[in-house]
Amino acid sequence: MQRIAKVLLVLLLLPAVIVSSGIAGEEKASEKKLLSEEIEAFTSLYSKGFGDRDLKLLIGPASKDYMNAEGDSWEFKLVSEKDGVLTYGMDTGKKVKEDRELLKKHFQDYIADFAEVHKGKVRMKDLKITKTNAEARLKVYIIAVDHKGRRIEDHGEIDAVYEKRDGSWKLIKHKWAYMDRVIGTRYHFVEAEAMAKVDYKHNDSPNVNQSALSPGIHSGSGVAVGDFNKDGIDDIFMADGVSNLLLKGDSDGTFTNVSKEAGIDISRGGKGVTFADYDNDGYPDIFVVGFEMSNILYRNNGNGTFTDATDKAGIGHKGFGTSACWADIDKDGYLDLYVVNNGDIAKIFPTYPWKSKNAQANILFRNNGNGTFTDITKKADVGDKGWGLACGFADYNNDGLPDLTVANDFGEKVLYKNNGNGIFTDVTKKAGIDDIGNGMGVGWGDYNNDGLPDLYFSNMYANARWLFDDPDYELPFMGRFFRKSIMARMKNITRGNTLFLNNGDGTFKNVAYETKAWDGEWSWGSIFVDYDADGHQDIYAANGFISGKRKDDL
């Protein structure tokens, strides 16, 4: 929601000129700036070289006397083959003596696999400078089609060593840290929004106040799927800034807009949305979270129409809501409701990039079983005031009670343990998930099939996070006294997504890096789903934001 605000917040805390600001001495600043610019230029050459399958561009940065005594063989080994998907890993254990000509041949053989390249992207992930050279970690992402018409996706990282030669930096050594290749012999998914008649454009709300830090920037709204008419076909509800949409699923794979017939085509938009049968009549109802507007509860009448039951239910709280989740927290047979709130971005500013608690408090509504709800937030002790964006219930400790987690932007995640007496306890630090990354999404799922729910958070990732390891990167005067702490926190909040393995003893372990689940780029919502029906939970993470060519692109 507040991506531009977040970037400005980082820049307020740290110097505005990312590469050269604060480096001791004009000569050193100029040298480091030149180096980073040259390596960024190399990554652009690599990106274009892979994209155009241009061998000259790929070999260009290598010095004439390039030599790697322990180079890679560039050979792929088949790891698995299932349901039309081939997974390979580059054999980095086999070493060869690689000079410039062999490097050129390796590049030539590599791009020869591709009949066409849809996307070639190389970005600098880390940069370390020594007295004699510079070491860079480069991320490589390629989407292509091979000569058999199969889709190829390569994800990997290169360790590149550069040395100053005749006034410019040249590549002297190159090694793959890893390279994973996935080949699809058939497409599991195809874009079908037009065919399915769901290609609607989201409208921004004219009633939401503009943030002074991000004028003209609006976030999207939520989507929920449920069978509202009990015909066995999933339907879609799309929250919108102006008028929400209800799309009925038809037997031919298309959808029909029934918003008017269903009685929800009112000039009143929303942010988050969920389907849930709050009154236990067998029909899923719809709850829409309002941002700078009241929440809406649509009661399903069971005949294809809905009634606005917000006032009767007592959950029409007007605030800065972003999402909601349901669970029967007290085991009385009725679903209770937790609403996540954000802050008034037009009037207040997050206090810290990593621990802001000055937003609107979240709310827990207890279902009374008679169509009404009671606000029990204070009693339950779950009124977190972080800049919340997502929530999720799951019984992480297998005691039969749903526990609650919240993902906060500009701050720490929160895990609440359900005590079974209407009260929750904050066990975030005890459980080991005190993750300060900028949380956008929450997903619960048992990814390793051990019977325990694991936890996935989608966060922000910054390509320029390597700057926070730079000892010459000067902070404002007061920040200099807390350099180690500040730099560690800033690097942590830009590290990407986190996957917490449930240890079964009430604690979790972050295994995002060893499972390669961290690299979701600039992520938003995320879910666990077994998309290929192989009995293992996969992760889907939506991502994307404004990207630039500059090295200080956050």
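Residues numbered from 1 in each chain as written. Predicted model: local features only at pLDDT ≥ 70, side-chain atom pairs only at ≥ 80, totals over all residues. Heavy atoms only, no water.

A. Seen up close, the state of the cysteines. According to the stated counting rule, one finds one disulfide in the structure shown. At a sulfur-sulfur separation of 2.4 Å, the disulfide partner of C325 is C391. Judged by the sign of its S-S torsion, about -135°, the cystine formed by C325 and C391 is left-handed. Residue C325 is located in strand 18 (residues 318-327), and its partner C391 is located in strand 22 (residues 387-394); the two are separated by 66 residues in the primary sequence. C391 shares its class with C325; the two are buried. (Disulfide = S-S within 2.5 Å. Helix = DSSP H or I, 4+ residues; strand = E, 2+ residues; numbered from the N terminus. Buried < 20%, exposed > 50% of the residue type's maximum accessible area, 1.4 Å probe, protein only.)

B. Focus on the side chain of D285. You can see D285 is positioned in strand 14 (residues 285-288). No salt bridge forms around the buried D285; measuring N to O, its nearest opposite-charge neighbour R299 is 5.6 Å away. At 2.7 Å, the side chain of D285 forms a polar contact with the backbone nitrogen of N300. If sequence neighbours within four positions are ignored, D285 has contacts with T274, F275, A276, D277, Y278, D279, Y298, R299 and N300. (Lys, Arg positive; Asp, Glu negative; His and termini not counted. Salt bridge = Lys/Arg side-chain N within 4 Å of Asp/Glu carboxyl O. Polar contact = N/O pair within 3.5 Å; in protein donor to acceptor, adjacent residues only side chain to side chain. Contact = heavy atoms within 4.5 Å.)

C. Looking closely at the packing of aromatic side chains. In this structure the tally under the stated criterion is 17 aromatic pairs. A centroid spacing of 5.7 Å and a plane angle of 45° characterise the contact between F228 and F306, whose relative ring orientation is tilted. Here F228, found in the loop between strand 9 (223-226) and strand 10 (235-238), pairs with F306, found in strand 17 (residues 306-308); they are 78 residues apart in sequence, far enough to count as distant. F306 matches F228 in its accessibility class, with the two residues each being buried. Through pairs of rings, three or more aromatic residues link up here, namely F50, W74, F107, Y110, F114 and W176. Over the aromatic face of F76 sits the side chain of R181, whose NZ or CZ is 4.3 Å from the ring centroid. Here the basic side chain of K413 rests over the ring of F457, its NZ or CZ set 5.3 Å away from the ring centre. (Phe/Tyr/Trp six-rings, centres within 6.5 Å; stacked < 30°, edge-to-face > 60°. Lys NZ or Arg CZ within 6 Å of the ring centre and 35° of its normal.)

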